[in-house]
Amino acid sequence: MKRLFIALAAFVGFSLAAAHAESSNPVDLVSDTSRQVLDLLKKDDGKNSRQVRAQVEALVVPKFDFKRMTALAVGRGWRDATPDQQAELSSQFQSLLTRTYASTMWRFKQAQIDVKPNATLTPDGREATVRSEVLLPNSADKKPVSVDYILYRTPQGWRVYNVIVEGASLVTVYRNQFNEEIRKNGIDGLIKVLRTKNDSVPPVARAG
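Below, the structure is looked at part by part. Note that the structure is a prediction, hence the values are computed from the model and not measured.

Thresholds, definitions, all that
Residues numbered from 1 in each chain as written. Predicted model: local features only at pLDDT ≥ 70, side-chain atom pairs only at ≥ 80, totals over all residues. Heavy atoms only, no water. Core = buried A, V, L, I, M, F, W, Y, C linked by side-chain atoms within 4.5 Å. Buried < 20%, exposed > 50% of the residue type's maximum accessible area, 1.4 Å probe, protein only. Helix = DSSP H or I, 4+ residues; strand = E, 2+ residues; numbered from the N terminus. Contact = heavy atoms within 4.5 Å. Phe/Tyr/Trp six-rings, centres within 6.5 Å; stacked < 30°, edge-to-face > 60°. Lys NZ or Arg CZ within 6 Å of the ring centre and 35° of its normal.

This part is about the nonpolar core. In this structure, Met69, Val74, Leu89, Phe93, Tyr174 and Phe178 are the most contacted members of the largest nonpolar core, which totals 39 residues. When contributions to this core are tallied by element, the ones reaching two or more residues are α2 (26–41), α4 (66–74), α6 (83–104), β3 (127–135), β4 (145–154), β5 (157–165) and α7 (170–199). In terms of residue count, α7 provides more of this core than any other element does, nine residues in total. Non-local contacts of Phe178, meaning those with residues more than four positions away in its chain, are made with Ala73, Val74, Phe93, Leu190 and Leu194.

Rendered as structure tokens:
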């Protein structure tokens, strides 16, 4: 899970500038926004961390299809959930991802993101995979981490619904955890677990 935190940092790298302009080219969108988010992170001086994190969270949420991500993460149990349960799962999973990011974002101020120039599109052009590498200067092995963004096209522009880090799918990692909880305690049990995790962290994560 540690490396998946990089995915959460990369999430924001993708999303931030898209609040200002949509792009028909997912590669340009990833590249431009990655640069801008790093600029924002560098403004975090330790005294304004809460403000910076709150701004990032507000910008991130509209750029992801959290309902689709949650459905993929929950897997087969999603179809058995009631509409109210689905809505609560989506809300809690969104909070989990954004707050996990907020609690770790300060670690990535000096990251270098290399976005590869060519996206891989599905035959119908509705989905795209944008590949990138993230290098953390303080990383012990000095090796870049591969981060692939999985997006789909909507009338409002491209939206992320999965991220793959070093071959590990974010939604698949969570699906394994979620399915085990559902097997033991059902959908309501999973909702309870997510609520408990989210309640342990304030709406704007503790300053790092």
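Here the narrative resumes, following the displayed structure.
In this description, a pair of aromatic rings is defined by centroid distance and the angle of the planes. If you walk through the whole model with that rule in mind, you get four aromatic pairs. For the pair Phe93 and Tyr174, a centre-to-centre distance of 5.2 Å together with 80° between the ring planes defines the contact as edge-to-face. Taken as a pair, Phe93 in helix α6 and Tyr174 in helix α7 lie far apart in primary sequence, 81 residues in all. Side by side, Phe93 and Tyr174 carry an identical accessibility label, which is buried. Arranged with centres 5.6 Å apart and planes meeting at 40°, the rings of Tyr174 and Phe178 form a pair that is tilted. Pair noted here: Tyr174 and Phe178 are both in helix α7, with a separation of four residues, about one helical turn. The burial state of Tyr174 is the same as that of Phe178; both residues are buried. Each member of the aromatic cluster is reached from another via a ring pair, and the members are Phe93, Tyr174 and Phe178. The aromatic ring of Tyr161 is capped on one face by Arg68, whose charged end is 4.2 Å from the ring centroid.

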